[in-house]
Amino acid sequence: MKPVVVVTGASKGIGLAVTRLLLQKFKANVVAISRTRTPDLVQLHSDSLLVVECDVTDEKALTNAITHGAAHFHGIDGLILNAGTLDPLCRIADDTPLDSWKRHFDVNFFSLVTALKVTLPHLRKSANGGRVVFVSSGAAVKGMPGWGPYNAGKAAMNSLCRTLAEEEPDVTSVALRPGMVDTNMQSTLRAFGGAHMNEQDHKKFIDVYQEGKLVKPEDCGHVIAALALKAPKALSGQMNPLRTAMSSLVSDHEPSISRQFRRIDVHHHYFPSDLKKEKSNAEVGWKTPPENLPWTPEISLRAMDTMKIDMAILSCPALSNGSVSEENRVMTRARNEYAATICQNYPDRFRFFATLPFLDDIEGKVSARNIICARYIARLRGLNFFLLRGGFLCKLVYSRQITSPSHASLTEYIGDELYQPLWAELDRRQAAVFLHGSQIPSSTPCPHPTLGIPVTDVPNETFKAAAHLVVTGNRRKFSNVKIILAHLGGTTPMLAPRVAILSDYMGCQLSPEEIIEDFQSFYYETALSAYHSNLAAMETFVKPDHILFGTDFPAVSKDMVEWFTKNVERYYEDDAVKLQGVLGNNAAKLLCNNTSYT
């Protein structure tokens, strides 16, 4: 039996595209509700299409229209709440009559309640599992100046979606953020939005149109139609960006395996302006791709779109040397506030690892209130800090290549007793911690200009820090901390057995089996390290859900990232479940289930 889907606002734009796709692609019966029978809608004539003219703000008429559709096709399996209006474009303090706001809410909110009331009895009985798709907007979470009613109406829609998911657990309720779609609404904004919007905001809509970057109604329509029939329960109650919704559906029309699954990049940097990347690059023998500097969130967003990455977990290079000072704490706080602002501006695309002060600032780290403000705690997904501690002298030792044993004490790794209070606090919080090797010069010079510190030394620093945590017993002692090692742990998978036997011989209190077990408790991300032999080693060393996806962008170029990403895809091409786990599900499970900060 064909599924039955009710579509409001079906005569044009997204609604028309959805209706056409449901009929022609998904072979569904459609109840198309529209104020008028447009020629485009009439041309879809089919025995599987019932067009009902109706003003959705008329409670009785809308109730009768849906009831008629349910009787005609003997039930309802899906409801797409697409009807909406942008009018009036206005600011809160201007002279727009309150009746105009009320009319807006009649269309964009109260009509939804009417439709749900009459549809829910049928959705509960659906053999396919009832589904509701709310066509929402990014305006629901980012208050666009000049869009007062629309911002508030879409926010109310999202709240209704969340409430419905809680009240009706057997009905899947999904809000979709389709992005900037090439519809009459966009034409209206370009023509009349300038009188109400900020100049920069208005220009953005004009630029997107002129650059040909508007989403086609057919593209988002395909996703909406598919969600109405097979939206996964995992999306229920959430507002999802278009790409996330696409990734949740096993596509039957997209041949590229790289577009089938959601991608979460756990190794993605942001570069504050005070970081002076060009200078630091020269000191360590690396050059950040010039197209990525000076860095802005938009540079990452464009790259993420190209690389089909849905979300990036941002991290800032933390301090491996310096001094304990209020100045350092203030700078750290500023970086976290900057990252939080990025996440607030792009809530569907970014989360971030909090940056901590200089590693020796135990008080500053443990007293997280000094660093992490409550208004962005909800966006934190762990703590990011570099591995090798060394004060000014330690840095000076390395830059001068002083290697005498008398200077050995100047370097301390993160398993040192000094940092026990920090690990205890992280353990209490059940934190997720991202460990990345420090860019500290080794005792010997780089063997070649193309083999700078980031190429050869950083991965080994990651291994040394991980090994230090293990042999000191701190990995086992603070087992509630979920630790992600950058770059597949550097040399960790290959050298862990060596540590297990030789460190045991040298007096480590753990048995070889316990040492191996603790190395296997780390999570490993793929940035700049994914190759067939490496991935094969990781598969035999750790559980499948301990391998995560990372890129190291923008420190490297898109081409470099895509070379390693293709290696991941090729390696797992015969195991879709593992591929989906590595590209995103493993990270989602680890980070989204992470205990919130208190």
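Taking an unreviewed UniProt entry as the reference, the protein is identified by name as Ketoreductase domain-containing protein belonging to Gymnopilus dilepis. UniProt, in the comment section headed Sequence similarities (unreviewed entry), describes the protein in these words: "Belongs to the short-chain dehydrogenases/reductases (SDR) family."

Moving on to the overall build of the protein. Scanning the protein from terminus to terminus reveals 22 helices and 15 strands. Within the protein, the fraction of its 598 residues that count as buried is 55%. Within the protein, residue pairs in contact and separated by at least 24 positions form 76% of the contacts whose partners lie at least 6 positions apart.

With that out of the way, let us pick up unusual backbone geometry. Along the chain, D87 connects to P88 via a cis peptide bond; the corresponding omega equals 0°. On the secondary structure map, P88 appears in the loop between strand 4 (78–81) and helix 4 (98–125). The backbone of H74 shows a phi angle near 65°, a positive value even though the residue is not glycine. Within the element layout of this structure, H74 appears in the loop between helix 3 (59–73) and strand 4. Positive phi is not limited to glycine here, since L528 has a value of about 55°.

Here we take up the packing of helix 18 (residues 492–505) against helix 19 (residues 512–519). Two numbers describe how helix 18 lies on helix 19: the axes approach to 8 Å, and their chain directions differ by 155°. Relative to helix 19, helix 18 is oriented roughly antiparallel. With respect to the hand of their crossing, helix 18 and helix 19 are arranged in right-handed fashion. Contacts between helix 18 and helix 19 involve T492, A496, P497, V499, A500, I501, S503 and D504 from the first element and P512, I515, I516 and F519 from the second. Taken together, the residues of the contact of helix 18 with helix 19 break down into nine nonpolar, two polar and one charged.

Core analysis: the largest hydrophobic core is formed by 69 residues, its most contacted members being F350, W423, F519, F522 and Y524. When residues of this core are assigned to their parent elements, the largest contribution, six residues, is made by helix 16 (residues 453–471).

This part takes up the sheet that holds strand 6 (residues 172–177). Hydrogen bonds between backbone atoms are what pair the strands of a sheet, whose relative direction is either parallel or antiparallel. Overall, parallel pairing links the seven strands, which are arranged 3-2-1-4-5-6-7 in an open sheet. Each edge of the open sheet is held by one strand with a lone partner, namely strand 3 (49–53) and strand 7 (239–241). Averaged over all neighbouring strand pairs, the angle between strand axes comes to 20°, with direction disregarded. In the sheet, strand 1 (residues 4–8) pairs with strand 4 via three bridges, with the strands oriented parallel. Bridged to V5 within strand 4 is G78. Contacting strand 1, strand 4, strand 5 (131–135) and strand 6, helix 8 (residues 217–230) runs over the sheet at an angle of about 155° to strand 5.

So, on to the pairing of strand 3. Across the five residues that make up strand 3, a large majority, four, are buried. Where strand 2 (residues 29–34) lies against strand 3, five bridges are found, and the strand directions are parallel. Across the sheet, the residue bridging to S34 is E53, located in strand 3.

With that settled, the discussion passes to the packing of helix 20 (residues 532–541) against helix 21 (residues 558–571). Axes are the key here: two packed helices are described by the angle between their axes and the distance separating the axes. Put simply, helix 20 and helix 21 touch, their axes get as near as 10 Å, and they point 55° apart. Accordingly, the angle class assigned to the pair helix 20 and helix 21 is oblique. In this structure, helix 20 crosses over helix 21, and the sense of that crossing is right-handed. Two secondary-structure elements touch here, helix 20 through H532, L535, A536 and E539 and helix 21 through N567, V568 and Y571. Residues that form the contact of helix 20 with helix 21 fall into these classes: four nonpolar, two polar and one charged.

A word on the packing of aromatic side chains. Inspection of every chain in the model, using the stated rule, returns 12 aromatic pairs. For the pair W147 and Y150, a centre-to-centre distance of 5.7 Å together with 85° between the ring planes defines the contact as edge-to-face. Here the two residues W147 and Y150 agree in accessibility, since each one is buried. Relative to F564, the ring of W563 has its centre 5.0 Å away and its plane inclined at 85°; by these criteria the two rings are edge-to-face. An aromatic cluster is defined as three or more aromatic residues linked by ring pairs; in this entry it consists of F105, F109 and F110. Stacked on the ring of Y209, the Lys or Arg R190 has its end atom at 3.6 Å from the ring centre.

The subject of this paragraph is the pattern of salt bridges. Side-chain pairs of opposite charge can arise whenever the charged atoms involved come near each other. Applying the stated criterion across every chain yields a total of 16 salt bridges. E53 is the partner of R37 in a salt bridge, and the nearest nitrogen-oxygen pair spans 3.1 Å. Pair noted here: R37 is in the loop between strand 2 and helix 2 (39–42) and E53 is in strand 3, with a separation of 16 residues, a long-range link. Overall, the relative accessible area of 46% leaves R37 in the partly exposed class. Between E517 and R476 there is a salt bridge, with its nearest N and O atoms 2.9 Å apart. In this pair, E517 is assigned in helix 19 and R476 in helix 17 (residues 474–477), connecting sequence segments 41 residues apart.

What follows deals with helix 7 (residues 199–210). Helix length check: helix 7, at 12 residues, gives a terminal C-alpha distance of 16 Å against a target of 16 Å (1.5 Å per residue), a fit within 8%. Of the surrounding elements, those touching the buried residues of helix 7 are helix 6 (184–192).

Turning our attention to the side chain of N567. For N567, the location among the structural elements is in helix 21. Engagement of the side chain of N567 in a polar contact is seen with the backbone oxygen of A530, the distance being 2.9 Å. Residues in contact with N567, not counting those within four places in the same chain, are A530, Y531 and L535.

Time to look at helix 1 (residues 13–24). Here helix 1 is 12 residues long and its end C-alpha atoms lie 17 Å apart, about the 16 Å a rise of 1.5 Å per residue gives. In terms of burial, helix 1 is largely enclosed, as nine of its 12 residues are buried. The set of residues buried in helix 1 consists of I14, G15, L16, A17, V18, T19, L21, L22 and L23.

Parameters and conventions
Residues numbered from 1 in each chain as written. Predicted model: local features only at pLDDT ≥ 70, side-chain atom pairs only at ≥ 80, totals over all residues. Heavy atoms only, no water. UniProt positions renumbered as here; feature names shortened; annotations may be inferred. Helix = DSSP H or I, 4+ residues; strand = E, 2+ residues; numbered from the N terminus. Buried < 20%, exposed > 50% of the residue type's maximum accessible area, 1.4 Å probe, protein only. Contact = heavy atoms within 4.5 Å. Axes fitted to C-alpha atoms, helices over the stretch in contact; angles between N-to-C directions. Parallel < 35°, antiparallel > 145°, perpendicular 65-115°, else oblique. Left-handed = near helix turned anticlockwise from the far one by under 90°. Nonpolar A, V, L, I, M, F, W, Y, C, P; charged D, E, K, R; others polar. Core = buried A, V, L, I, M, F, W, Y, C linked by side-chain atoms within 4.5 Å. Pairing = 2+ DSSP bridges. Phe/Tyr/Trp six-rings, centres within 6.5 Å; stacked < 30°, edge-to-face > 60°. Lys NZ or Arg CZ within 6 Å of the ring centre and 35° of its normal. Salt bridge = Lys/Arg side-chain N within 4 Å of Asp/Glu carboxyl O. Expected span 1.5 Å × (residues − 1). Polar contact = N/O pair within 3.5 Å; in protein donor to acceptor, adjacent residues only side chain to side chain.

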